[in-house]
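Each chain, letter by letter, is given below.
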Amino acid sequence: MAMSYKVRFWEIRERPDRRKGFEVRWTVSGREKSESFLTKGLAESRRAKLMTAARDGEPFDTQSGLPASEIRALKQRTIWYVLAREYIEQRWDRTPGNTRRTLADALATITPAFVEPGAVYRAPRVLRRALYSWAFNKNAWNADAREEWQAALD
């Protein structure tokens, strides 16, 4: 994650032809970033937060354009995969076999949609098998996942 202190802000741009008609724009190391808002007040508030972070000497991520404090906050949030595993663990012992199978199938189907944008997994079938057969199967947790499954899950 490349960080930079070279941050510049532009005035809020009004775009009357858009649903979210107010755009906050800034650059991080020359890379343009923007966020759109419904009202000018929301846009001004967001711009003020970004400018305060820059004034306080926070580095900004060059890829996302966010200040370091916001990146840390995003990383501390609960991850879908962890939440789904906790759900399986909580329900497993009091759920009949067919329902377990249905839960594992549903979670294995939806989980790839929550992967970070830009992340690429080479073998979707291997990932699905790893999710269905190991990640969302509490009985399988006693043993380590196969190497190819662990690679797909990582």
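Now for a description of the structure that goes with this document. Just so it is clear, the structure is predicted and the values come from calculations on it, not from any experiment.

A separate point is the pairing of strand β4 (residues 22-28). Counting buried positions along β4 yields six of seven residues, so the element is predominantly enclosed. Where strand β3 (residues 13-14) meets β4, two bridges bridge the pair, whose relative direction is antiparallel. In the sheet register, Arg-13 faces β4, and the bridge partner there is Glu-23. Pairing of β4 with strand β5 (residues 31-37) involves seven bridges; the strand directions are antiparallel.

Glancing now at the environment of Pro-96. Inspection of the secondary structure puts Pro-96 in the loop between α3 (80-92) and α4 (97-110). A relative accessible area of 52% places Pro-96 in the exposed class.

This brings us to the side chain of Glu-23. With respect to the helices and strands, Glu-23 occurs in strand β4. At 2.4 Å, the side chain of Glu-23 and the side chain of Arg-13 are in polar contact. Within polar-contact distance, the side chain of Glu-23 engages the side chain of Ser-34 at 3.1 Å. Setting aside its immediate chain neighbours within four residues, Glu-23 contacts Glu-11, Ile-12, Arg-13, Arg-15, Ser-34, Glu-35 and Ser-36.

Let us now look at the packing of aromatic side chains. A complete count under the given rule lists one aromatic pair for this structure. Judged by centre distance (6.3 Å) and plane angle (50°), the ring pair of Tyr-81 and Phe-136 falls under tilted. Of this pair, Tyr-81 sits in helix α3 while Phe-136 sits in the loop between α5 (124-135) and α6 (147-153); the two residues are 55 residues apart in sequence, bridging distant segments of the chain. Classification of Phe-136 as buried rests on a relative accessible area of 0%. One Lys or Arg, Arg-146, reaches over the ring of Trp-149 and ends 4.5 Å from the middle of that ring.

Calculation criteria
- Residues numbered from 1 in each chain as written.
- Predicted model: local features only at pLDDT ≥ 70, side-chain atom pairs only at ≥ 80, totals over all residues.
- Heavy atoms only, no water.
- Buried < 20%, exposed > 50% of the residue type's maximum accessible area, 1.4 Å probe, protein only.
- Helix = DSSP H or I, 4+ residues; strand = E, 2+ residues; numbered from the N terminus.
- Pairing = 2+ DSSP bridges.
- Polar contact = N/O pair within 3.5 Å; in protein donor to acceptor, adjacent residues only side chain to side chain.
- Contact = heavy atoms within 4.5 Å.
- Phe/Tyr/Trp six-rings, centres within 6.5 Å; stacked < 30°, edge-to-face > 60°.
- Lys NZ or Arg CZ within 6 Å of the ring centre and 35° of its normal.

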